[in-house]
Amino acid sequence: MKYNSHYAAVIIGLARGILVVAENGMIIDTILNGLATMLKGLPNYLFTTIMLVVHNIITFLVPSSSGEAALTMPVLAPLGDLVGVNRESVVTAYQFGNGLTNLISPTGGVLLAGLAIARINFGQWLKVILKLFPILWLVAAIFAAVSSAVGM
């Protein structure tokens, strides 16, 4: 487990380094302006659904929850502000996207350790969870959409 904690620390450090360069170079402002212009007028429920999908994808690439938060929240939280979506909804989409993807991600250390302890191979787990995953994802999308409507 030492490897996983070191990996998370490296990801968080790299994310912070990228953030410092992007902030000082005004790159984040340019990205935010472009994204906000593109997403302006999009209904809040659609914005949170898109964010859920984005976090599903990013979780595969960055298996560390804290690393993903350090990488994405400095951009996505202000983006939510710019398009009129409350920060609670932004965090809700992150939590659901990250948590659900960690149920199926072969790079998730906790999932693989839990399956090893239970003596369940990953293929068996996928057969079961992939039947349930679309239902869980739909419920998560609904909750994220409701959180964006309630927060207005």
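Keep in mind the model is a prediction, meaning the values are calculated, not measured. (Residues numbered from 1 in each chain as written. Predicted model: local features only at pLDDT ≥ 70, side-chain atom pairs only at ≥ 80, totals over all residues. Heavy atoms only, no water.)

Trainee: I keep staring at the overall build of the protein chain and nothing clicks. Help me out?
Mentor: Scanning the protein chain for helices and strands turns up 7 helices and 0 strands. Listing each helix as α and each strand as β along the protein chain from the N terminus yields α-α-α-α-α-α-α. Reported as C-alpha extents along the three principal axes, the dimensions of the protein chain are approximately 50 × 35 × 20 Å. The buried share of the protein chain, reckoned over its 152 residues, is 36%. When contacts within the protein chain are restricted to residue pairs at least 6 apart in sequence, long-range pairs at least 24 apart make up 73% of them. Charge-centre separation for the protein chain: the mean point of 7 positive side chains lies 19 Å from the mean point of 5 negative side chains. (Helix = DSSP H or I, 4+ residues; strand = E, 2+ residues; numbered from the N terminus. Buried < 20%, exposed > 50% of the residue type's maximum accessible area, 1.4 Å probe, protein only. Contact = heavy atoms within 4.5 Å. Lys, Arg positive; Asp, Glu negative; His and termini not counted. Charge placed at Lys NZ, Arg CZ, Asp CG, Glu CD.)

Trainee: Please explain the nonpolar core as it appears in this structure.
Mentor: General note: in soluble globular proteins, nonpolar side chains tend to be found buried as a group. Counting residues in each nonpolar core, the largest one holds 17 residues, and the members touching the most others are I28, F47, M51, L79, V83 and V90. Only helix 1 (2-24), helix 2 (27-39), helix 3 (44-61), helix 4 (65-83) and helix 5 (87-101) provide two or more residues apiece to this core. With 5 residues, helix 4 is the largest single contributor of residues to this core. For M51, the contacting residues outside a window of four places in its chain are L76, V90 and A93. By size, the runner-up hydrophobic cluster in this structure holds 7 residues, among which are I104, F133, A140 and A141. (Core = buried A, V, L, I, M, F, W, Y, C linked by side-chain atoms within 4.5 Å.)

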